[in-house]
Each structure stands twice: as structure tokens, then as C-alpha cells.
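# Chains, contacts and geometry: an overview
Here is what each chain is made of, one letter per residue.
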Amino acid sequence: DAGITQSPRHKVTETGTPVTLRCHQTENHRYMYWYRQDPGHGLRLIHYSYGVKDTDKGEVSDGYSVSRSKTEDFLLTLESATSSQTSVYFCAISERQIDGYTFGSGTRLTVV
Amino acid sequence: AQSVTQPDIHITVSEGASLELRCNYSYGATPYLFWYVQSPGQGLQLLLKYFSGDTLVQGIKGFEAEFKRSQSSFNLRKPSVHWSDAAEYFCAVGARASNTGKLIFGQGTTLQVKP
């Protein structure tokens, strides 16, 4: 409804396997963000993008990489998943900071 | 560095009672401030925001928040809570001078509403 979708919605994967989560927007917003949500920690920023091919690290970026080859897609990759990366991952988009974020519905990732 | 603290992890109020959720921030200047709500199993929805002007801001679902510079606070209030307000609430802060648009979120407050 807000023009942002995340896929998959749920995923179970094994330790050591690579995983890619996708965030797709139809709003043509400049900024895109990946957060993880864990009990007691709120939302913590993993990586963000401020334009095509322009990305930077957030506070919990170790073990994650991102890519943004076009405005509408922002991919989050776990190169070799670990159990500590079991979490709910949220993508958010923004055009202007004063407008705040629009969030996706989240991806629940379980690493076994 | 910016930080956000929500001192109350869990709050329980009776339906119809008033509500106040606390948010304190640390930042060198006046930041942009936001409150988001997350219903169980859902994404986050923007309730309200402050960036300048009147320090009392109105949001959706009957919520309001007051920015108090002297206390570095942005507390969320509602005069009469409904059962549907049970959710997790997040305060967030953004730096005005930022060219990244990043927001820092608090740990969240879970609201339970008793019938």
C-alpha cells in the first residue's frame, strides 16, 4: 500500500549459507535503509543508501553487505549466515528527512 | 553522537485511562523527532513528528507529543487509551545537518491495555 515491499516475508536458512533479502520501492525515494529488530535493542541500522550505487555502513554492519544498482531495489546480503543474525529485518525508504520513514512489512529470518 | 532512551520497557494501562510514554534524546542541537507504532507482526507506522514550530504536535489516532528542549524530551501522550492501542512504540531522532537521513531509534515501549 505504501509502495515498499520486502521479500521473502519469512526464511529459514542454515548456518554458513548465503542469504539475500530484497527491498523494492515504487516511490522513487532517494534514501533506503536496512534495520534489524531484536528484543531489547529496538531497531539498529545495518546499512543505508543515499542514491544508486551510494551506500554506507550503519552501527551493526559486520557480516552484511548491500547493493543498490537501481533506485527501486536495495538488497541486503548475509554472506555466511550465523545464528546471531536471526532477527526481523526491516527496510525503510525516505525522500526527505523531515517526512520520516516508510517501512516495509519486514522479513523474519531464522538461522539454524 | 545521537542517542535515544525510552526508560519504560513495558507499560500497562486500563482502557480509558490516560497514557504518557517517555522519550529522552541526546543531541547537540534540536533534532528531528518522531514516534512510530508497531502492531504485533506488522511494520512500523509514523504517528507524529516534530521538526520546528509549535512544540505540541498532533498525530494520528488521537496521539500528541510535546517537545521540551530544556529536558531533551519528546513524550507521547493520549488522553484516553483504547484496546486497539496495544502495540510497541518507538521514539526516533534524526540530525538536522545530516545528508544521510538516518534515524536512531529507542529500544521501544510495549503498551498493554487492560479491559
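Report follows, based on the coordinates. (Residues numbered from 1 in each chain as written. Chains lettered and ligands numbered in written order. Predicted model: local features only at pLDDT ≥ 70, side-chain atom pairs only at ≥ 80, totals over all residues. Heavy atoms only, no water.)

### Describing the sheet that holds strand S3 (residues 19–25) of chain A
All names here are of chain A. Strands sit in the order S1-S3-S8-S7 across an open sheet of four strands; the sheet is antiparallel. The outermost strands of the open sheet, each flanked by one partner alone, are strand S1 (4–7) and strand S7 (64–70). Averaged over all neighbouring strand pairs, the angle between strand axes comes to 15 degrees, with direction disregarded. Across five bridges, the pairing between S7 and strand S8 (residues 73–78) is antiparallel. (Pairing = 2+ DSSP bridges. Helix = DSSP H or I, 4+ residues; strand = E, 2+ residues; numbered from the N terminus. Axes fitted to C-alpha atoms, helices over the stretch in contact; angles between N-to-C directions.)

### Structural notes on the interface of chain A and chain B
How large an interface is tends to be reported as the accessible area lost when its parts come together. Chain A puts 20 residues into the contact, and the matching count from chain B is 25 residues. Together chain A and chain B conceal approximately 1,800 Å² of surface at their shared face, both sides included; 56% is due to carbon and sulfur atoms. Across the contact surface, chain A and chain B share one salt bridge. With its nearest N and O atoms 3.7 Å apart, the salt bridge here joins Lys49(B) to Asp99(A). Of all elements in the fold, only strand S4 (31–38) and strand S5 (42–51) of chain A reach the threshold of two or more residues within the side of chain A that touches chain B. Taken together, the residues that form the side of chain A that touches chain B break down as ten nonpolar, eight polar and two charged. (Contact = heavy atoms within 4.5 Å. Buried area = accessible area lost by both parts, 1.4 Å probe. Salt bridge = Lys/Arg side-chain N within 4 Å of Asp/Glu carboxyl O. Nonpolar A, V, L, I, M, F, W, Y, C, P; charged D, E, K, R; others polar.)

Note that every value here comes from positions in space, so none of it alone points to a role or purpose.
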